[in-house]
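# Fold and geometry: a report
Single-letter residue listing:
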Amino acid sequence: MSDEDDRRIEALIHDVVRDFRETAHTTGVSAPDQRLVEALRRVPRNEFVPGAAARSAWENRALPIGQGQTISQPFVVALMTQLLALTPESRVLEIGTGSGYQAAILAELAGEVFSIEVVPELAETASATLERLGYRDVHVRAGNGRDGWPEAAPFDAIIVTAGADEIPPALVEQLRTGGRLVIPVDAQWTGQDLFVGVKQEDGSLKKRRALSVIFVPLIGGDAGHGHR
C-alpha cells in the first residue's frame, strides 16, 4: 500500500476507536481489542469495493457494491466482530457475504469461516476476491441463510449482516452451547436493534441489545447487507 493508503487506514482506525468510545454506554465495549485493530489494518477494504466507490474505501461509512447491496460501515463491522469474542480456533458462520470484507475480517481472527450469500453473483465475486487475497479458510456458497449451514455445525459464533424480523431458529440450533450470535432484529418503529446472544445449556438464547442500527432487510429468505 502507498503512504497515502497508510494514512487513510490510520484515520479510519481513529474514527472506529472514537465510535467505540462514544457508543460504549450501550454496547458495553469501550474500545476494539488490538487483534481486531490489526485485522482492520491488514484487510484491504479497497479490494472489496468495486468501481468508483473504491476511492472512498477507507472512509467510515457504508458503500455500494452492486446488486442493490452495500459494504457495511467499518465501525459496525468491527463492533459486530468484537461482540463475537472470537479466538484463533473459532469456527464462524456468516449470513450475508456481500463483498466478502466482513468474512476477511473474521478470517483474520478465527480458525474457519463459512459464509452464505443469497445473491449468486455476489457470492461468486466475493469468493474470487477472498481466494485472490489468500483467505483459504473462508468457504462461500450461495443459498438461504435462514437455514444456516447444518453440515458444518455447530459453530462457535454466528453473525448476520441484515435486518431480520426474528432470530431464525436454525441459527440458534447450529450454535454450540456457550457460542455467540450477533444479529440485527427489526425494531418497533424503524431500523433494527443489534443483539448479541449467548446460547445456554437448555438451548435458549440469552440476549442483550447493543446498539440501534440500520441494515437492509433479509431478502428472498436470506440476508442482504450493509449498514447506513
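You'll find the structure just up there.
Worth saying up front: this structure is predicted, and the values here are computed from it rather than measured.

Moving on: helix 3 (residues 74-83). Where burial is concerned, most of helix 3 is hidden: 10 out of the 10 residues are buried. Here helix 3 has its buried residues at Pro74, Phe75, Val76, Val77, Ala78, Leu79, Met80, Thr81, Gln82 and Leu83. One or two steps after helix 3, the chain reaches Ala85, where phi turns positive at roughly 55°.

The next subject is the pattern of salt bridges. Within this structure, the stated rule accounts for 15 salt bridges. As a salt-bridge pair, Glu151 and Arg141 come within 2.7 Å of each other at their nearest N and O atoms. Taken together, the residues span a long stretch of sequence, with Glu151 in the loop between strand 5 (138-142) and strand 6 (155-160) and Arg141 in strand 5 at a distance of 10 residues. In this structure, Arg176 and Asp156 form a salt bridge, with 2.5 Å as the shortest nitrogen-oxygen distance. Of this pair, Arg176 sits in strand 7 (residues 175-186) while Asp156 sits in strand 6; the two residues are 20 residues apart in sequence, bridging distant segments of the chain.

Cut-offs used in this document
Residues numbered from 1 in each chain as written. Predicted model: local features only at pLDDT ≥ 70, side-chain atom pairs only at ≥ 80, totals over all residues. Heavy atoms only, no water. Buried < 20%, exposed > 50% of the residue type's maximum accessible area, 1.4 Å probe, protein only. Helix = DSSP H or I, 4+ residues; strand = E, 2+ residues; numbered from the N terminus. Salt bridge = Lys/Arg side-chain N within 4 Å of Asp/Glu carboxyl O.

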